[in-house]
Structures are given as C-alpha cells and as structure tokens.
Amino acid sequence: MEEERKKLEKMYQELNEEDTNMKKWNQALIPKAILLFPPIVFVLTFLKINNDKSIIDLLGFVAIGGLLVSGGIFLNYLLSKGK
C-alpha cells in the first residue's frame, strides 16, 4: 500500500513538473486553412452547379474535389515536415 502511494505521489509530481505543450486554437492557422479550403470550395461549387448534371459529371466533380482535398493534405504534410 505504501509503495503504491509513493508511486502515485511520484507520478503526480512528474505530471506537475512537466511543461505540457498545449496549443491554442489560433496556432498554426495556415495548415488549418489549407485543409479547410478545398472542402469549402468543393461544397460551394457543388451547390452552385448541382442542377441538371449527369451521374458521370457528378462523379468527375467528386473526383476533382478528392484531388483538391488530397492536395491540401499533401501541402499540410510538407509544411509540418520541417518542424
């Protein structure tokens, strides 16, 4: 019982001593914008041109949206790789 208490006290002290690296919401806005930009453009464009299109056109549009999202993820990877 005493050993467990000492272990818990030691863990508690270590947790209090550690400097936790918690990021605020407004840190790293550029990578977040890069990730959010393609889906926003996709949704806006989809809502604008979604009338009277064939299924092939719709599938092509979804594929282009997927490429935009993949490009955003790749750019985010490149930006975060140097850190």
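For clarity, every value in this text was computed on a predicted model and none was experimentally measured.

## Things to note about the overall build of the protein
Scanning the protein from N- to C-terminus turns up three helices and zero strands. Reading the secondary structure of the protein in the N-to-C direction produces α-α-α. When burial is assessed residue by residue, the protein has 7% of its 83 residues classed as buried. Summing over all exposed atoms, the protein offers an accessible surface of approximately 7,800 Å²; the carbon and sulfur share of this is 66%.

## Some thoughts on helix α1 (residues 2–17)
Over its 16 residues, α1 extends 22 Å from the first C-alpha to the last, a length consistent with the 22 Å expected when each residue adds 1.5 Å. Of all 16 residues that make up α1, zero are buried, and the element is exposed over most of its length.

## So, a nonpolar patch on the surface
Together, Phe74, Leu75, Tyr77 and Leu78 make up an exposed nonpolar region whose accessible area comes to about 410 Å². One can find Phe74 in helix α3 (residues 55–81). For Phe74, a relative accessible area of 49% puts it in the partly exposed group.

## Topic: the environment of Leu36
By the element assignment, Leu36 lies in helix α2 (residues 29–49). Counting along the chain gives 36 residues from Leu36 to Gly72, while the straight-line C-alpha distance between them is 8.1 Å.

## Description of the confidence of the model for the protein
Per-residue confidence for the protein gives a mean pLDDT of 80; residues scoring 70 or more make up 80%. Model confidence for the protein, summarised as mean pLDDT per element, is weakest for α2 at 81 and strongest for α3 at 86.

## Observations concerning the pattern of salt bridges
Between side chains of opposite charge, a pair can form when the charged atoms approach closely. In this structure the tally under the stated criterion is one salt bridge. One salt bridge in this structure joins Glu9 and Arg5, with 3.1 Å as the shortest N-O distance. Residue Glu9 and its partner Arg5 are both found in helix α1; the two are separated by four residues, about one turn of the helix. By relative accessible area, Glu9 is classed as partly exposed at 40%.

## Observations regarding the environment of Ala28
By the secondary structure assignment, Ala28 is in the loop between α1 and α2. As for Ala28 and Ser80, which are separated by 52 residues in sequence, their C-alpha atoms are 9.6 Å apart.

Rules used in this analysis
- Residues numbered from 1 in each chain as written.
- Predicted model: local features only at pLDDT ≥ 70, side-chain atom pairs only at ≥ 80, totals over all residues.
- Heavy atoms only, no water.
- Helix = DSSP H or I, 4+ residues; strand = E, 2+ residues; numbered from the N terminus.
- Buried < 20%, exposed > 50% of the residue type's maximum accessible area, 1.4 Å probe, protein only.
- Areas by Shrake-Rupley, 256 points an atom, 1.4 Å probe, with all protein chains shown as cover.
- Expected span 1.5 Å × (residues − 1).
- Patch = residues over 30% accessible without salt bridge, like charges linked within 9 Å, V, L, I, M, F, W, Y side chains within 5 Å.
- Salt bridge = Lys/Arg side-chain N within 4 Å of Asp/Glu carboxyl O.
- pLDDT = per-residue confidence, 0-100.

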